[in-house]
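Summary of structural features
Here is what each chain is made of, one letter per residue.
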Amino acid sequence: MDGNAMTTVPKVVNGINVDDLFSLIESVREDPAKGVTRWHVATTWQGQTRSRSQVEGFGIGGEEVKRRFTIDIDEPCELGGSNRCANPQEYLLAALNACMIVGYTALCALQGITLQKLEITTEGDIDLRGFFGLDPNVAAGYRELRSTVVIKGDGTDEQFRKIHNMVLATSPNFYNITRAVRLAPELTIE
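Here's what I pulled together on the structure shown here. (Residues numbered from 1 in each chain as written. Predicted model: local features only at pLDDT ≥ 70, side-chain atom pairs only at ≥ 80, totals over all residues. Heavy atoms only, no water.)

**Here's the deal with helix α1 (residues 18–30)**
Helix length check: α1, at 13 residues, gives a terminal C-alpha distance of 18 Å against a target of 18 Å (1.5 Å per residue), a fit within 8%. Here α1 starts with a cap whose side-chain oxygen sits 3.0 Å from the backbone nitrogen of Asp 19, and that cap is Asn 17. (Helix = DSSP H or I, 4+ residues; strand = E, 2+ residues; numbered from the N terminus. Expected span 1.5 Å × (residues − 1). Polar contact = N/O pair within 3.5 Å; in protein donor to acceptor, adjacent residues only side chain to side chain.)

**Brief notes about the environment of Ala 139**
Locating Ala 139 in the fold gives a position in the loop between α3 (128–131) and β8 (145–153). Residue classification places Ala 139 among the partly exposed positions, given a relative accessible area of 22%. On a C-alpha basis, the gap between Ala 139 and Ile 126 in space is 7.8 Å, while along the polypeptide they are 13 residues apart. Not counting residues within four places of it along the chain, the set of residues in contact with Ala 139 comprises Asp 127 and Gly 130. (Buried < 20%, exposed > 50% of the residue type's maximum accessible area, 1.4 Å probe, protein only. Contact = heavy atoms within 4.5 Å.)

**Remarks on the environment of Asn 173**
The residue Asn 173 is located in helix α5 (residues 172–178) in this model. Separated by 73 residues in the primary sequence, Asn 173 and Met 100 place their C-alpha atoms 7.6 Å from one another. In contact with Asn 173, other than residues within four places in its own chain, are Ala 95, Leu 96 and Cys 99. A polar atom in the side chain of Asn 173 sits 3.0 Å from the backbone oxygen of Ala 95.

**Details of a nonpolar patch on the surface**
Together, Leu 79, Leu 128, Phe 131, Phe 132 and Leu 134 line one region of the surface with nonpolar side chains, adding up to about 540 Å² of accessible area. Within the element layout of this structure, Leu 79 appears in the loop between β6 (63–73) and α2 (88–110). Classification of Leu 79 by relative accessible area gives partly exposed; the value is 40%. (Patch = residues over 30% accessible without salt bridge, like charges linked within 9 Å, V, L, I, M, F, W, Y side chains within 5 Å. Areas by Shrake-Rupley, 256 points an atom, 1.4 Å probe, with all protein chains shown as cover. Salt bridge = Lys/Arg side-chain N within 4 Å of Asp/Glu carboxyl O.)

**Notes on the nonpolar core**
Within the largest apolar cluster, 12 residues are counted, these being Leu 96, Met 100, Tyr 104, Leu 107, Cys 108, Ile 113, Leu 115, Leu 118, Ile 120, Phe 160, Ile 163 and Val 167. Elements represented by at least two residues in this core include exactly α2, β7 (115–124) and α4 (157–170). When residues in this core are grouped by element, the largest group, 5 residues, is from α2. With residues up to four places along the chain from it excluded, the contact list for Leu 118 reads Ile 101, Tyr 104, Thr 105, Val 149, Val 150 and Ile 151. (Core = buried A, V, L, I, M, F, W, Y, C linked by side-chain atoms within 4.5 Å.)

**Focus on the packing of α2 against α4**
Across the interface, α2 lies against α4 with an axial gap of 9 Å and an inter-helix angle of 135°. Our classification of the angle between α2 and α4 gives oblique. Both α2 and α4 take part in a crossing whose hand is right-handed. Contact with α2, carried on its side by Met 100, Gly 103, Tyr 104, Leu 107 and Cys 108, involves Phe 160, Ile 163, His 164, Met 166, Val 167 and Leu 168 of α4 and no other residues of that element. Of the residues in the contact of α2 with α4, the class split is 9 nonpolar, 2 polar and no charged. (Axes fitted to C-alpha atoms, helices over the stretch in contact; angles between N-to-C directions. Parallel < 35°, antiparallel > 145°, perpendicular 65-115°, else oblique. Left-handed = near helix turned anticlockwise from the far one by under 90°. Nonpolar A, V, L, I, M, F, W, Y, C, P; charged D, E, K, R; others polar.)

**Considering the pattern of salt bridges**
For the structure on display, the rule yields 9 salt bridges. A salt bridge links Arg 146 to Glu 123; its shortest N-O distance comes to 3.4 Å. Taken together, the residues Arg 146 in strand β8 and Glu 123 in strand β7 connect sequence positions 23 residues apart. Accessibility expressed as a relative area gives 45% for Glu 123, which makes it partly exposed. Residue Arg 129 pairs with Asp 127 through a salt bridge whose shortest N-O separation is 2.6 Å. Here Asp 127 falls in the partly exposed class, since its relative accessible area comes to 28%. Put simply, Glu 123, Asp 125, Glu 144 and Arg 146 are held in one network by salt bridges that share partners.

As structure tokens, then:
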């Protein structure tokens, strides 16, 4: 090996290896099957209102990638829980915010925009009359969510507006929450 060999330092913006991200984008453009992902979470009851979700991995482009994470969930004492962990609604809103954060961060990185601040706050109201089945005219979940995005970096206002619109158009969790997703639950009784 020659002592004069040059190594290429990857371009990293906002902590994201932009070279790898462009490579992935090009790979999916050339072979759409490489862009198909599959997600799986198994959740078990842990007593009272507690549950534990287990992540074992995910699929991308027909390959399995092993990952292991545990997500513990509970309810506040006021809703029958022990308040040991965030509740399903908090995880839902956190998942929405986090998915959008990935979108803003990646899109800014791809355009060479360095972020200094990025915060998303989302809130919504659920009327417990719907959850308890007390009034069939009351929705069991959110009728509306309200989000505020605060972003600061070396991009222009026009760039940030364009990125904002792109995130709303391409974020998987924004899509999943703002559109009906077909769900076909299957019941197994043991």
